[in-house]
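Chain by chain, the residues run as shown.
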Amino acid sequence: FFSSRRRHTRCREVSWARRCVQETGTENGSSLLFPDSVVGTDSHTTMINGLGVLGWGVGGIEAEAVMLGEPITMTMPEVVGVELIGKLRPDVTATDLVLNITAALRKKNVVGKCVEFLGKGCQNLTLPERATVSNMAPEYGATCGYFPVDKVTLDYLRITGRPEKLVKITEEYFRKQKLFAGDDIPEY
């Protein structure tokens, strides 16, 4: 997916996401579902990862190829898990959180890797706080900082007027694929 649309809001990539799961028909008339993704040239493309939509930025040559109908290829990056625990105190902002995460991840050399945030601490972050953490992926060197689909994602779909059928399909799909964030913490 490549979009040249521009939004004038701080979280413009989050507003691009029409759905978190895409649906396509097959020859026999049944549906094939797959996770949504975003490829963009904007420096804020990685914000979409806060919603559970995999997104990363590319250069102008790659973007031009996509606009001309060519597929984009990339080597799948190594995935590094970061467990978040607890919740932010009232006097701590998302900026404070992301600056600490950035400092810690730079020391771990996550350059070119996909950082997946998990754990109970994720449940305590709002979508704007997650988008702030995801947006800083280039600063900590990662290809993306991803938060899996969970209740926050479903709430976003609801408050932005997506049909309840889509919300239910999204939840069911990600749960069946074992991609829905829950209490189980994967091992990396």
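Look above for the structure.
On a predicted model such as this, the values are computed, not experimentally measured, just so you know. (Residues numbered from 1 in each chain as written. Predicted model: local features only at pLDDT ≥ 70, side-chain atom pairs only at ≥ 80, totals over all residues. Heavy atoms only, no water.)

Peer 1: Go over the side chain of threonine 46, please, and point to the residues and values.
Peer 2: Tracing the chain through its elements places threonine 46 in the loop between β3 (37-40) and β4 (54-57). According to the relative accessible area criterion, threonine 46 is buried, its value standing at 4%. For threonine 46, the side chain forms a polar contact with the main-chain oxygen of serine 134, separated by 3.0 Å. With residues near it in sequence (within four places) discarded, threonine 46 still touches Gly55, Trp56, Ser134, Asn135, Ala137, Pro138 and Thr143. (Helix = DSSP H or I, 4+ residues; strand = E, 2+ residues; numbered from the N terminus. Buried < 20%, exposed > 50% of the residue type's maximum accessible area, 1.4 Å probe, protein only. Polar contact = N/O pair within 3.5 Å; in protein donor to acceptor, adjacent residues only side chain to side chain. Contact = heavy atoms within 4.5 Å.)

Peer 1: If you had to explain the pairing of strand β5 (residues 79-83) to someone new, which residues and values would you point to?
Peer 2: Residues of β5 alternate between two faces, with Val80 and Val82 buried on one and Val79, Gly81 and Glu83 left unburied on the opposite face. The parallel pair β5 and strand β6 (residues 114-118), bridged by helix α3 (residues 94-107), forms a crossover whose chirality is right-handed. (Right-handed = clockwise from strand over helix to strand, strands pointing away.)

Peer 1: I'd love a proper account of the pattern of salt bridges, names of residues and values included.
Peer 2: In total, this model carries nine salt bridges according to the counting rule given. Of the charged contacts, one joins arginine 106 and glutamate 139 as a salt bridge, the two residues approaching to 3.7 Å between their closest N and O atoms. Here arginine 106, found in helix α3, pairs with glutamate 139, found in helix α6 (residues 137-140); they are 33 residues apart in sequence, far enough to count as distant. When the shortest N-O distance is used, the salt bridge between lysine 151 and aspartate 155 registers 2.7 Å. In this pair, lysine 151 and aspartate 155 both sit in helix α7 (residues 151-159), four residues apart, roughly one turn of the helix. Members of the salt-bridge network, linked through shared partners, are Lys151, Asp155, Arg158 and Glu164. (Salt bridge = Lys/Arg side-chain N within 4 Å of Asp/Glu carboxyl O.)

Peer 1: Account for the sheet that holds β5, with residues named and values stated.
Peer 2: The strand order across the open sheet formed by three strands is β5-β6-β7, and the pairing between neighbours is parallel. Every interior strand has two partners, whereas the edge strands, β5 and β7 (144-146), have only one. When strand polarity is set aside, the average angle formed by the axes of neighbouring strands in this sheet is 25 degrees. Bridge analysis of β6 against β7 gives three bridges, and the strand direction is parallel. Along β7, the bridge assignment pairs glutamate 116 with tyrosine 146. (Pairing = 2+ DSSP bridges. Axes fitted to C-alpha atoms, helices over the stretch in contact; angles between N-to-C directions.)

Peer 1: Before we move on, could you go through the packing of aromatic side chains and cite the residues and values that matter?
Peer 2: Counting across every chain of the model gives three aromatic pairs. Here phenylalanine 117 and tyrosine 140 contribute two aromatic rings whose centre-to-centre distance is 6.5 Å and whose plane-to-plane angle is 85 degrees, an arrangement assigned as edge-to-face. Of this pair, phenylalanine 117 sits in strand β6 while tyrosine 140 sits in helix α6, placing them 23 residues apart in sequence. Judged on exposure class, the residue phenylalanine 117 and its partner tyrosine 140 are both buried. Here the aromatic rings of tyrosine 173 and phenylalanine 174 are separated by 5.2 Å at their centres, their planes lie at 90 degrees, and the arrangement is edge-to-face. Neither residue differs from the other here; tyrosine 173 and phenylalanine 174 are each classed as buried. By way of ring pairs, the aromatic residues Phe117, Tyr140 and Phe147 are connected into one cluster. (Phe/Tyr/Trp six-rings, centres within 6.5 Å; stacked < 30°, edge-to-face > 60°.)

Peer 1: Give me the lowdown on the environment of asparagine 135, citing residues and values where you can.
Peer 2: Mapped onto the secondary structure, asparagine 135 falls in helix α5 (residues 127-135). Expressed as a C-alpha distance, the spacing of asparagine 135 and glycine 145, which sit 10 residues apart in the sequence, is 7.6 Å.

Peer 1: Any chance you could break down the environment of glycine 121 for me, citing the residues and the numbers?
Peer 2: Relative to the assigned elements, glycine 121 resides in helix α4 (residues 120-123). Relative accessible area serves as the criterion here: at 4%, glycine 121 is assigned to the buried category. In this structure, the C-alpha to C-alpha distance between glycine 121 and glutamate 83, residues 38 residues apart in sequence, is 7.6 Å. Leave out the neighbours within four places in its chain, and glycine 121 touches Leu84, Ile85 and Gly86.

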